[in-house]
Amino acid sequence: METTLSFRLFTSTSELPNDWDGLASANIFLSKSYLKILETAAPENMTCHFIGIFQEEKLLGIALSQFLDLSQVNSYGERDNCAKTSIRKFIFKNFSSKVLIIGNNMFTGQNALAFGPALAYADGLKLLKKASVEIEKKLRTKGISTHITVFKDFEKEDAKHFKLPEFNEFYQFSTQPNMVFTIRKNWNDAADYINALNKKYRDQYKRARKKSESLTKKKLSLEEIQKQEKTIYDLYYCVAKNAPFNTFYLPEHHFSSFKMQLKDNFLFYGYFEGEKMIGFNTLIKNGDAVDTYFLGYDENHQKEKMLYLNMLYDMVCHSINKGFKQIIFARTALEIKSSVGAIPEKMYGFIKHHNSFINFFISRIFGYLEPELAWKERNPFK
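Described below are features of the structure shown in this document. Note that this is a predicted model, so its numbers are computed, not measured.

It is worth spelling out the overall build of the chain at this point. A count of helices and strands for the chain gives 15 helices and 16 strands. Whereas a compact globule of 382 residues would reach a radius of gyration of roughly 21 Å, the chain reaches 21 Å, a difference of no more than 12%. The principal-axis extent of the C-alpha atoms belonging to the chain is close to 65 × 50 × 45 Å. Across the 382 residues of the chain, 55% fall into the buried class. Long-range contacts, defined as pairs at least 24 residues apart, comprise 76% of the intrachain contacts of the chain with a sequence gap of at least 6. Of the side chains in the chain, 53 bear a positive and 43 a negative charge, and the two mean positions are spaced by 5 Å.

Let's shift gears to the packing of aromatic side chains. Counted by the stated rule, this structure contains 35 aromatic pairs. Where Phe154 meets Phe162, the ring centres are 4.9 Å apart and the plane angle is 65 degrees; that geometry is what we call edge-to-face. Owing to a relative accessible area of 0%, Phe154 belongs among the buried residues under this scheme. A relative accessible area of 4% means that Phe162 is categorised as buried.

This part is about the environment of Phe360. You can see Phe360 is positioned in helix α14 (residues 356–360). In this structure, the C-alpha to C-alpha distance between Phe360 and Leu307, residues 53 residues apart in sequence, is 45 Å.

The geometry of helix α7 (residues 199–211) relative to helix α12 (residues 307–321) is characterised by a closest axis approach of 9 Å and an angle of 110 degrees between their N-to-C directions. In terms of their interaxial angle, α7 and α12 are classed as roughly perpendicular. In contact with Tyr201, Gln204, Tyr205, Ala208 and Arg209 of α7, α12 contributes Leu309, Asn310, Tyr313, Asp314 and Cys317.

With that settled, the discussion passes to the pattern of salt bridges. Inspection of every chain in the model, using the stated rule, returns 16 salt bridges. In this structure, Asp153 and Arg331 form a salt bridge, with 2.9 Å as the shortest nitrogen-oxygen distance. With Asp153 in strand β6 (residues 148–154) and Arg331 in the loop between β14 (326–330) and α13 (334–340), the pair connects residues that are 178 residues apart, well separated along the chain. The buried category is assigned to Asp153, whose relative accessible area is 5%. Between Lys199 and Asp203 there is a salt bridge, with the nearest N and O atoms lying 2.7 Å from each other. A residue pair is termed a helical-turn pair when its members lie 3 or 4 positions apart in one helix, as Lys199 and Asp203 do in helix α7 at 4 residues. Note on Lys199: relative accessible area 58%, which makes it exposed. Taken together, the salt bridges that share partners define one network made up of Lys152, Asp153 and Arg331.

For strand β3 (residues 58–69), the tally of buried residues reaches 11 of 12 residues, placing the bulk of the element in the interior. Both strand β2 (residues 46–55) and β3 contribute to a ladder of 10 bridges, which runs antiparallel. What sits directly across from Cys48, in β3, is Gln66. Hairpin connection from β2 to β3: 2 residues lie between these consecutive antiparallel strands, with Glu56 at a positive phi of about 55 degrees.

This part is about the pairing of β6. Taken residue by residue, a regular strand's side chains alternate between the two faces of the sheet. By the criterion of burial, β6 is predominantly enclosed, with 7 of the 7 residues buried. Sheet topology note: the strand β4 (residues 98–102)/β6 ladder contains 4 bridges and is parallel. Within β6, the position partnered with Ile101 by the bridge is Val150. Where β6 lies against strand β16 (residues 348–353), 5 bridges are found, and the strand directions are antiparallel. In the sheet register, Phe151 faces β16, and the bridge partner there is Phe350.

What follows covers α7. When the terminal C-alpha atoms of α7 are compared, their 18 Å separation across 13 residues agrees well with the 18 Å that a helix rising 1.5 Å per residue should span. On the buried face of α7, the contacting elements are α6 (190–196), α11 (299–305), α12 and α13.

Cut-off values and rules
Residues numbered from 1 in each chain as written. Predicted model: local features only at pLDDT ≥ 70, side-chain atom pairs only at ≥ 80, totals over all residues. Heavy atoms only, no water. Helix = DSSP H or I, 4+ residues; strand = E, 2+ residues; numbered from the N terminus. Rg over C-alpha atoms; globule rule 2.2 N^0.38 Å. Buried < 20%, exposed > 50% of the residue type's maximum accessible area, 1.4 Å probe, protein only. Contact = heavy atoms within 4.5 Å. Lys, Arg positive; Asp, Glu negative; His and termini not counted. Charge placed at Lys NZ, Arg CZ, Asp CG, Glu CD. Phe/Tyr/Trp six-rings, centres within 6.5 Å; stacked < 30°, edge-to-face > 60°. Axes fitted to C-alpha atoms, helices over the stretch in contact; angles between N-to-C directions. Parallel < 35°, antiparallel > 145°, perpendicular 65-115°, else oblique. Salt bridge = Lys/Arg side-chain N within 4 Å of Asp/Glu carboxyl O. Pairing = 2+ DSSP bridges. Expected span 1.5 Å × (residues − 1).

Next up, the structure:
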């Protein structure tokens, strides 16, 4: 069977095979609608390829690749400005800034690929490895050399499939965990969640809710998002610039593009003090799970209104009330997400530097470039 397998690279959703969405049905982040957002509203330093795996003309597997030029962004944010950060920036820009990812750098979790039942996982991975080499060649014709290739965010069971000769030069790594909130079967509404909290965290819930009493929360339509686009971007950027590590910044029309393409599967909530939007959060329905996406807030209101914590509670309560099974909270602000009930889930990636000498030391270099993070896991439940 392997001899008849091939891959094709696409850069436009209009080129994708008609049966593409059949394979993407279990993951919205591989669907044509989502890929259209990447085509029209991706970060400026990102180039995407969509990969189809075929047996003759039959589509057996699909995948996403993102090439990021990190030299175009201030990756380590504005918050830290010490000697170690300066050295990191220098190393990063000169040796690690051109990164090809098989997967989605904008989300946490296995959003890299979907294989149909007729495609063996190992065969699919071998083809994706070949596809990554082909993408690197295409980039070279444009004068762009890739420093690093990464296969991103696989759970433990899927990571075992990478034990192939094709991946011998790749280093398996695990960074910050994915924070996953599992909704218990006996929770029918938000009240059940609040009752399950122990006294300390029930008091935290009440205190946060009291602080935000003066705010109005509103679900925004496409037209309302477009109308507020400048304010939304400013609130997003206020949060993004203070992150310990950035690989991109979103373009201003990103959220309206999301709403345009995903419609009711993309939820945008604005938080208002009177008529003024002071914060927002976004959710994406993905089967029986909800993925949290970018949010933004005015820093002054955030402290005063405990805005971020209230947003987390709103996401939890909404997801329970609507009957979802899981919330994917991703890998930022681990401790506060833990305090509302999210649990860390280890994810694995595979990384290779294209300079063989550097690749020999990749485990040490990787540890140096990855910002250190100490946090304490919480258990808010009785």
